[in-house]
Amino acid sequence: ECYDVAIWQGKSPTASQITFVDGKPDRSNYRHYNLTELPEGNNDFAMLREVMRRRIKHGNIPDVFVVDGGKGQVSAFLEVLKEFQIETPVVGIAKAKSLRTKKTEERLIIPGRANPYLLNKNMALFKIIVQMRDEAHRFSRRLHHKKEVTRSFASWVDEVKGIGPITKKKILKKLD
């Protein structure tokens, strides 16, 4: 399973869970998570902890958790797994500029390892991990954009004279 959080300026936070089985997407196990807007705005770590707590309650834990992010995101996952006394591997995928080549490299963040693993060393692993991250990213953005449109449109509808709460609700339902 791979996870990604989508948020923009603290508004309409969402997350995605995508699942791969035998190297292929298993869309029947994809999940969206509507997250709580936090007073401090963007807090990726708190939101990932919320997602993990909700996810664990559903059981059927995967072989490995992949999270879009670095050490902080991986630590947030590990913290929740420890709370529930679950020992499942967690890795993060993060982009970083190479000091040697000045190009962007995909790196695998592995707990307990001093340096990230450069994914270009293993093209099969590179391909599947990047595909998972990109799919989680795409899927999380889908719900996030939908929530943003509804939120933006809702505030616009509030400014129109003569539209009451019942009519507003009808209009917003048509957006869904």
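The structure under discussion appears in the preceding block.
Attention in this report is confined to the structure presented alongside it.

How each quantity is defined
- Here, residues in each chain are numbered from 1, in the same order as that chain's written sequence.
- A pLDDT threshold of at least 70 governs which residues receive local features in this predicted model, and a stricter bar of 80 or more applies before side-chain atom pairs are shown or counted, although totals over entire chains, interfaces and linings include all residues.
- Where side-chain values are given, they derive from all heavy atoms of the structure, hydrogens and water being excluded.
- Remark: nonpolar core denotes a set of buried residues (Ala, Val, Leu, Ile, Met, Phe, Trp, Tyr, Cys) joined through side-chain atoms within 4.5 Å.
- Think of it in three bands: with a 1.4 Å probe and only protein chains considered, a residue is buried below 20% of the maximum accessible area for its type, exposed above 50%, and partly exposed in between.
- Secondary structure elements are defined from DSSP: runs of H or I of at least 4 residues count as helices, runs of E of at least 2 residues count as strands, and each element is numbered from the N terminus.
- By the convention used here, residues are in contact when the closest approach between their heavy atoms is within 4.5 Å.
- Whenever a nitrogen or oxygen atom comes within 3.5 Å of another N or O atom, the pair is scored as a polar contact, on the condition that within protein one atom can donate a hydrogen and the other can accept it, and that pairs from neighbouring residues in sequence are kept only if both atoms are in side chains.
- Paired rings are identified among Phe, Tyr and Trp, the last through its six-membered ring, by centres lying within 6.5 Å, and are further divided according to the angle between planes into stacked (under 30 degrees), edge-to-face (over 60) and tilted (the rest).
- Expected span, for any helix, means 1.5 Å times one less than how many residues it has.
- We define a salt bridge as a side-chain nitrogen of Lys or Arg found within 4 Å of a carboxyl oxygen belonging to Asp or Glu.

### Regarding the nonpolar core
Ranked by internal contacts, the top residues of the largest apolar core, which has 21 residues, are Leu35, Met52, Phe65, Phe77 and Leu81. Mapped by element, the contributors of at least two residues to this core are strand S1 (2-8), helix H1 (44-56), strand S6 (65-68), helix H2 (71-83) and strand S7 (90-97). Those residues within four positions of Phe65 in sequence are excluded, and the remaining contacts are Glu1, Tyr3, Met52, Phe77, Leu81, Thr88, Pro89, Val90 and Val91. Judged by nonpolar contacts, the second largest core, of 15 residues, contains Ile18, Tyr30, Tyr117 and Val130.

### Quick notes on the side chain of Thr19
Within the secondary structure, Thr19 sits in the loop between strand S2 (11-18) and strand S3 (20-21). Here Asn29 takes part through its backbone oxygen, which lies 3.3 Å from a polar atom of the side chain of Thr19. For Thr19, the contacting residues outside a window of four places in its chain are Glu1, Lys24, Pro25, Asp26, Asn29 and Tyr30.

### Examining the packing of aromatic side chains
Scanning the model with the defined rule gives four aromatic pairs in all. Between Tyr3 and Phe65, the ring centres sit 6.0 Å apart and the planes meet at 50°, which makes this aromatic pair tilted. Here Tyr3, found in strand S1, pairs with Phe65, found in strand S6; they are 62 residues apart in sequence, far enough to count as distant. Here the two residues Tyr3 and Phe65 agree in accessibility, since each one is buried. Linked through ring pairs, Tyr3, Phe65 and Phe77 together constitute an aromatic cluster.

### Some thoughts on H2
Spanning 13 residues, H2 covers 18 Å between terminal C-alpha atoms, matching the ideal 18 Å at 1.5 Å per step. Directly after H2, the chain includes Gln85, whose backbone phi takes a positive value near 55°.

### Let's talk about the pattern of salt bridges
By the definition in use, this model includes nine salt bridges. One salt bridge connects Glu1 with Arg55, and the closest N-O pair in it is separated by 2.8 Å. You can see Glu1 sitting in the segment before S1 and its partner Arg55 sitting in helix H1, a full 54 residues away along the chain. Residue Arg55 is classed as buried on the basis of its relative accessible area, which comes to 4%.

### Here we look at the environment of Gln73
Structurally, Gln73 is set in helix H2. Taking the C-alpha atoms as reference points, Gln73 and Ile109, separated by 36 residues in sequence, lie 9.7 Å from one another. Among residues more than four places away in sequence, those in contact with Gln73 are Asp44, Phe45, Leu48, Val67 and Asp68. A polar side-chain atom of Gln73 sits 2.8 Å from a polar atom in the side chain of Asp44.

### Overview of unusual backbone geometry
The backbone of Asn60 shows a phi angle near 50°, a positive value even though the residue is not glycine. Along the chain, Asn60 falls in the loop between H1 and S6. According to the relative accessible area criterion, Asn60 is exposed, its value standing at 71%. Within the chain, Gln85 stands out as a residue other than glycine whose phi angle is a positive 55°. With respect to the helices and strands, the residue Gln85 is situated in the loop between H2 and S7.

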